[in-house]
Amino acid sequence: MVSRVIPVEPFDIVIFGVTGDLARRKILPGLFHRFLVGQIPGTAQVIGSSRTEMDEGAFQELVRACLLEFSPQASKDAEALTSFLAKLSYVCVDATGENGWLDLAEKLRPDVVRAFYLSVSPSLFGPIAANLSKYGVSTPEARIVVEKPFGHDLNTAKALNADLRKGFEEKQIYRIDHYLGKETVQNLMALRFANSLWEPLWNSTHIDHVQITVAESLGVEGRGEYYDRSGAMRDMVQNHLVQLLCLTAMEPPSRFTPGAVRDEKVKVIEALDPVSQADTVRGQYRAKTGEDSYRDHAGDPDSLTESFVAMKVNIGNWRWAGTPFYLRTGKKLRARASEIAVVFRDPPHMIFPKMEGRRGNALIIRLQPDEGITLRTTIKDPGPGGMRLAEVSLDMTFSEALGPHAEPQDAYERLIMDVIRGDQTLFMRGDEVEAAWRWADPIIAGWAENGLVPQPYDQASSGPEDALMLLHRDGRRWRELG
Ligand code: BG6
């Protein structure tokens, strides 16, 4: 099977904060890869911008170095690298002042798509959006792209939305949650809405519970200062895990359009019941021989920020009442493993002898690594000796089933191309982000009010003991990590 690459329209993209980590690791390599597969038209312009004075030659050298570091293809195709660098130009712009804006306006062409990627601190979203309008750099069709963290709580998210809306309408604003750009996350929608098999079972009558896990093996070394102000709840749950929950739980949208898909996601977030403190667990990884603790990485020996969260979430609507969703995410866990496990109820009447350790049917959607789907089923254990049962997996990995082109592209590549195409389906709408904060804020406030401190857990484990208990007390078990 050959994947089709449809070139996008000619465009000018301006990357603010182009010398920063995200631009170097993700945005520039992402654009380069799309260029290599022929998706970027010959006339496209990539304009880097930051506070640093630099001429175009120096900028191109900087990008060459970053691509050689972060894109394995760059060193293999010197000619393509040189052609890509030829598309790059640079303008030094003072985000909060007057310098550089008119130079930038001059570089942009009137008749092509314009996109402004704000790879900068959220405190600069407002000033940049205002200056883009003030200096006539923006047009009514231009697009503005912003990254997480989108707010620290509901109030700050509202303020950021208000800042962006000073210069842009909602239809021009692209809020990135890179989980939505992951191939397997979109596959979740295909699995649910392009098959008739699952939908009749996709409710609390047939589904016992859902487990959503995003486990990481790395810690917060190198970004402890940022992370310590957020913690796992703000860094992962409020955005990535809530998005996974929405895609699993949402009603089928009437069309695959940005409006219809996002309306259904917002309805799920608004239906989330308040989470009781007793249904949450916070953890923090401790030191082990030769490895620093979370507190060492965060640079604060007294830090009470969580590097692990687990919780039980109930969705108060007809489809899901009575089927809990258990979420967990953490750093320095046993394995890097992200998955959604949909665990079905047992048959209403079992005619076979009881099977020790039976776990029942489950559909597991593996998001990363080893992207694929597993369906756990019960069959007869072969051989004589009566009707003994065994559990086996129907296993599918996307790369085996679909061939090499199924190797997932980086989420940023897809998302940047969607910006150019003007497709907001995989981006968060303003009301959606606010709804997620409205749900998350009381949980975080509750921890502070009750003085709930994170429970230490061992590195390379599956998290704190209490996280296991969260399911045990409901007669359930987490799936093994990795
Ligand atoms: C980011 C978080 O949004 O997602 C990080 O800020 C986290 O803390 C990362 O490590 C995980 O993304 P991925 O794509 O590696 O699963």
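Up top is the structure.
None of the values given here were measured: they were computed from a predicted structure. (Residues numbered from 1 in each chain as written. Predicted model: local features only at pLDDT ≥ 70, side-chain atom pairs only at ≥ 80, totals over all residues. Heavy atoms only, no water.)

A description of the sheet that holds strand β6 (residues 173–175) should follow, citing residues and the corresponding values.
Taken in spatial order, the six strands make up an open sheet running β3-β2-β1-β4-β5-β6, and their pairing is parallel. Two strands in the sheet have a free side with no partner beyond their single neighbour: β3 (88–92) and β6. For this sheet, the mean angle separating the axes of adjacent strands, direction not counted, is 20°. Alignment of strand β1 (residues 11–16) against strand β4 (residues 113–118), held across six bridges, turns out to be parallel. Its bridge partner being in β4, Ile13 is matched across the sheet by Ala115. The sheet contacts of helix α2 (residues 56–70) involve β2 (45–50) and β3, and relative to β3 the element is tilted by about 120°. The strands touched by helix α6 (residues 154–165) are β5 (143–146) and β6; relative to β6, the strand with the most contacts, the crossing angle is about 150°. (Pairing = 2+ DSSP bridges. Helix = DSSP H or I, 4+ residues; strand = E, 2+ residues; numbered from the N terminus. Axes fitted to C-alpha atoms, helices over the stretch in contact; angles between N-to-C directions. Contact = heavy atoms within 4.5 Å.)

Before we move on, can you summarise the sheet that holds strand β12 (residues 362–368) with the specific residues and values?
Strand order in the open sheet formed by nine strands is β14-β13-β12-β11-β7-β10-β9-β8-β15, and the pairing between neighbours is mixed. Two strands close off the open sheet at either side, each with one partner strand: β14 (389–397) and β15 (455–457). Adjacent strand axes in the sheet meet at a mean angle of 20°, parallel and antiparallel pairs treated alike. For strand β11 (residues 337–344) and β12, the ladder comprises six bridges, and the chain directions are antiparallel. Across the sheet, residue Ser338 finds its bridge partner in β12, namely Gln368. Its contacts with the sheet put helix α13 (residues 430–450) on β8 (280–285) and β9 (308–313), and the angle it makes with β9 is roughly 120°.

I'd like a description of the nonpolar core, backed by residues and values.
If you look at the biggest cluster of nonpolar residues, it comprises 139 residues, and the most contacted ones within it are Phe16, Leu31, Phe116, Met233 and Trp439. Among the elements that line this core, the one with the most residues is helix α8 (residues 224–249), at twelve residues. Each residue touching Leu31, except ones within four places of it in the same chain, is listed here: Phe11, Ile13, Ile15, Ile40, Val46, Phe84, Ile416 and Met417. (Core = buried A, V, L, I, M, F, W, Y, C linked by side-chain atoms within 4.5 Å. Buried < 20%, exposed > 50% of the residue type's maximum accessible area, 1.4 Å probe, protein only.)

Give me the lowdown on the state of the cysteines, citing residues and values where you can.
For the structure shown, the criterion picks out zero disulfides. Free cysteine: Cys92, not disulfide-bonded; nearest cysteine sulfur from Cys66 at 19 Å. Its relative accessible area of 21% is what places Cys92 among the partly exposed residues. (Disulfide = S-S within 2.5 Å.)

Tell me about the layout of surface pockets, residues and numbers included.
Each pocket or cavity is described by its volume, and for the second largest pocket that value is around 650 Å³. Lining the second largest pocket are 26 residues; nearest its centre among them are Arg359, Arg376, Arg477, Trp478 and Arg479. Elements represented by at least two residues in the lining of the second largest pocket include exactly β7 (207–215) and β11. Partitioned by chemical class, the residues of the lining of the second largest pocket number five nonpolar, seven polar and 14 charged. (1 Å grid on protein atoms, 1.4 Å probe; cavity = no way out; pocket = protein on both sides within 12 Å on 5 of 7 lines; lining within 4 Å. Points joined across faces, edges and corners; volume = space filled by probe spheres on them. Nonpolar A, V, L, I, M, F, W, Y, C, P; charged D, E, K, R; others polar.)

Describe the site of the ligand, with residues and values.
Around the ligand sit Lys148, His178, Tyr179, Lys182, Glu216, Arg223, Asp235, Met236, His240, Lys331, Arg336 and Gln368, and those are all the residues in its vicinity. A distance of 2.4 Å separates an oxygen atom of the ligand from a polar side-chain atom of Tyr179. In this structure, an oxygen atom belonging to the ligand sits 2.6 Å away from a side-chain N or O atom of Asp235. Calculation on the ligand without its partners gives an accessible area of 390 Å², and the protein chains cover 79% of this total. At three residues, α8 tops the list of elements feeding residues into the shell around the ligand. Residues that form the shell around the ligand fall into these classes: two nonpolar, three polar and seven charged. (Near = heavy atom within 4 Å. Polar contact = N/O pair within 3.5 Å; in protein donor to acceptor, adjacent residues only side chain to side chain. Areas by Shrake-Rupley, 256 points an atom, 1.4 Å probe, with all protein chains shown as cover.)

How would you summarise helix α3 (residues 78–85) if you had to cite specific residues and measurements?
Among the residues making up α3, those that are buried are Ala80, Leu81, Phe84 and Leu85. The arc enclosing the buried residues of α3, seen along the axis, measures out at 135°, which places them on a common side. Seen from the open side of α3, the exposed residues pointing more than 90 degrees away from its buried face are Ala78 and Glu79. For α3, the secondary structure elements touched by its buried residues are α1 (21–36), α2 and β3. (Arc of directions from axis to C-beta.)

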